[in-house]
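Summary of the model geometry
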Amino acid sequence: MKKTILVTGGTGFIGSHTTVELQNAGYNVVIIDNLSNSKADVVDGIEKITGIRPAFEQVDCCDLEALEGVFNKYPEITGIIHFAASKAVGESVQKPLKYYENNLLSLINLLKLMPKHDVKGIIFSSSCTVYGQPDPENLPVTEQAPIKKAESPYGNTKQINEEIIQDFVHSGANISAIILRYFNPIGSHPSGIIGEMPNGVPANLIPYLTQTAIGIRPCLKVFGDDYDTPDGSCIRDYIYVLDLAKAHVAAMARIVEGKNTDPVEIYNVGTGNGVSVLELIHTFEKCTGVKLNYEIAPRREGDIEKVWGNVDKANKVLGWKAVHTLEEALSSAWNWQQKLRERGVM
Ligand code: UFG
């Protein structure tokens, strides 16, 4: 029988791509999303790509009663992938309580309901932000690297949620959890039907870059060229969202097949390669043929100088590996931006 997975935040950027990959792998998907940062028509897009319409419920995970209604309606749910969260680092500094309330309560509510509704496992979206700036000898960073004090309330919610999961599972709750620490997810589905949809002026590099390339923004600011890196710009581990989505499928299979050896397992999900902002810009120009207007600007407060992941554990234990190139990821992001223009969205 097909397993049914609840995907919270399933109409969002990573959630929608993961829903596609779960369906491709033979899972049924129930999406819940409060649509605070995404649109219901993403469900149509998912159906267009896979030919299967996922169930969709407009529910906020912070609403315990409504959430329980979903478990009552779909008693076949065996696993959860929890994406639903507020994710803007800058906004979290301005509105910390919104971030603590949303991001902590939604996880707590899910955990509360899991044993009662016989849900085996949960996959939690965490972030390499928990490592802060790793010491140079710890790069590429492994899962054992020390957790550093969070730079923002957003980052802190990731750390606290990891601890909540550990404490709950170790209290004897009969559930398993896999924590995935993402590096920098980029790109969009190659069909151009679903993709990253930032609200307002993008804070992240790729949407800002593609919006500049298409003429919505006049110029991309490169935040700093005086860092201790080969070209002076910051280094990140950019992972194509399709690869990231597949990591969730591998993690979910491990849980539903009961193959996890620890009740809480943690994996880095990245490519293992560090790429600088300037390298990324030049790769974009090369693979799309578009000349990008950019300038060097002062450093952005709170930025990490360099971080990229050691992903051996995910490669070996999950049997998962990022296979797409940076060129493919950037071309897909550009394709998506052009599709948005064709559709008159922006
Ligand atoms: N950058 C620019 N110009 C821009 C935007 C970004 O030069 O207009 C640079 C940044 O300085 C950084 C790199 O591009 O060096 C990537 O920046 P992003 O904002 O895209 O991503 P971050 O690495 O800062 O943060 C991301 C997510 C966070 C998450 C973090 C670690 O946005 O939610 O990765 O996982 F916490």
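This text goes with the structure placed above it.
Residues numbered from 1 in each chain as written. Predicted model: local features only at pLDDT ≥ 70, side-chain atom pairs only at ≥ 80, totals over all residues. Heavy atoms only, no water.

Each helix and strand counted, the protein has 11 helices and 13 strands in total. The C-alpha radius of gyration computed for the protein amounts to 19 Å, which stays within 12% of the reference 20 Å derived for 346 residues, consistent with globular compactness. Taking the principal axes of its C-alpha atoms as reference, the protein extends roughly 55 × 45 × 40 Å. Residue pairs in contact within the protein that sit at least 24 positions apart in sequence constitute 79% of those at least 6 positions apart. Surface exposure of the protein reaches about 15000 Å², of which carbon and sulfur atoms provide 50%. (Helix = DSSP H or I, 4+ residues; strand = E, 2+ residues; numbered from the N terminus. Rg over C-alpha atoms; globule rule 2.2 N^0.38 Å. Contact = heavy atoms within 4.5 Å. Areas by Shrake-Rupley, 256 points an atom, 1.4 Å probe, with all protein chains shown as cover.)

Next up on the list: helix α6 (residues 153–170). The α-helix winds at 3.6 residues per turn, so residues separated by three or four positions along the chain end up facing the same way. Given a rise of 1.5 Å per residue, 18 residues ought to cover 26 Å, and the 25 Å separating the end C-alpha atoms of α6 matches this to within 8%. For α6, every residue scored as buried is listed here: Pro 153, Tyr 154, Gly 155, Thr 157, Lys 158, Gln 159, Asn 161, Glu 162, Ile 165 and Val 169. Turning to α6, the residues buried within the fold contact α4 (89–94), α5 (96–116), β5 (121–127), β6 (176–182) and β11 (264–269). Just beyond α6, the residue with positive phi is Gly 172, at close to 105 degrees. (Expected span 1.5 Å × (residues − 1). Buried < 20%, exposed > 50% of the residue type's maximum accessible area, 1.4 Å probe, protein only.)

What follows deals with the site of the ligand. Taken together, 20 residues lie near the ligand, and Ser 127, Asn 204, Lys 221, Arg 236 and Asp 303 sit nearest. Within the backbone of Phe 223, a nitrogen or oxygen atom sits 2.9 Å from an oxygen atom of the ligand. Contact between the ligand and Asp 303: an oxygen atom at 2.5 Å from a side-chain N or O atom of the residue. Expressed as a share of its isolated accessible area of 680 Å², the protein-covered part of the ligand is 88%. A total of four residues in the shell around the ligand trace back to one element, the largest contributor, which is strand β8 (residues 220–223). For the shell around the ligand, a count of residues per class yields 12 nonpolar, four polar and four charged. (Near = heavy atom within 4 Å. Polar contact = N/O pair within 3.5 Å; in protein donor to acceptor, adjacent residues only side chain to side chain. Nonpolar A, V, L, I, M, F, W, Y, C, P; charged D, E, K, R; others polar.)

Residues other than glycine predominantly adopt negative phi, and peptide bonds predominantly adopt the trans conformation. The omega torsion across Leu 139 and Pro 140 is -5 degrees, close enough to zero to call that bond cis. When you line up the elements, Pro 140 lands in the loop between β5 and α6. Positive phi is not limited to glycine here, since Leu 35 has a value of about 60 degrees. Note on placement: Leu 35 falls in the loop between β2 (28–33) and α2 (42–50). The backbone of Asp 118 shows a phi angle near 60 degrees, a positive value even though the residue is not glycine. Tracing the sequence through the fold places Asp 118 in the loop between α5 and β5. You can call Asp 118 exposed: its relative accessible area is 65%.

Across the interface, helix α1 (residues 13–24) lies against α2 with an axial gap of 10 Å and an inter-helix angle of 35 degrees. Seen along the crossing, α1 lies across α2 with a hand that is right-handed. Residues Ser 16, Thr 19, Val 20, Gln 23 and Asn 24 of α1 form the contact with α2, whose own contacting residues are Val 42, Ile 46, Ile 49 and Thr 50. Residue composition of the contact of α1 with α2, by class: four nonpolar, five polar and no charged. (Axes fitted to C-alpha atoms, helices over the stretch in contact; angles between N-to-C directions. Left-handed = near helix turned anticlockwise from the far one by under 90°.)

We now examine the packing of aromatic side chains. This structure, assessed with the given rule, holds one aromatic pair. Summarising the aromatic geometry, the rings of Phe 284 and Trp 334 are spaced 5.9 Å apart at their centres and angled 85 degrees between planes, so their arrangement reads as edge-to-face. A residue pair is termed long-range when its members are at least 10 positions apart, and Phe 284 in helix α9 (residues 277–288) and Trp 334 in helix α11 (residues 326–342) qualify at 50 residues. Comparing Phe 284 with Trp 334, the two get one shared label, buried. Here the basic side chain of Arg 217 rests over the ring of Tyr 208, its NZ or CZ set 6.0 Å away from the ring centre. It is Lys 313 that lies over the ring of Tyr 267; its NZ or CZ is 4.7 Å from the centre. (Phe/Tyr/Trp six-rings, centres within 6.5 Å; stacked < 30°, edge-to-face > 60°. Lys NZ or Arg CZ within 6 Å of the ring centre and 35° of its normal.)

Inspection of the entire model under this criterion finds zero disulfides. The thiol of Cys 287 is not disulfide-bonded; the next cysteine sulfur, from Cys 219, is found 19 Å away. Its relative accessible area of 28% is what places Cys 287 among the partly exposed residues. (Disulfide = S-S within 2.5 Å.)

Mapped onto the secondary structure, Ala 245 falls in helix α8 (residues 241–256). Separated by 56 residues in sequence, Ala 245 and His 189 have C-alpha atoms that sit 11 Å apart. Among residues more than four places away in sequence, those in contact with Ala 245 are His 17, Thr 18 and Glu 21.

Two quantities define a packed helix pair, namely the angle between the helix axes and the distance between the axes. At a minimum axis separation of 9 Å, α9 and α11 run at an interaxial angle of 70 degrees. By the angle between their axes, α9 is roughly perpendicular relative to α11. Two secondary-structure elements touch here, α9 through Leu 280, Thr 283, Phe 284, Cys 287 and Thr 288 and α11 through Leu 326, Glu 327, Leu 330, Ser 331 and Trp 334. Split into classes, the residues belonging to the contact of α9 with α11 amount to six nonpolar, three polar and one charged. (Parallel < 35°, antiparallel > 145°, perpendicular 65-115°, else oblique.)

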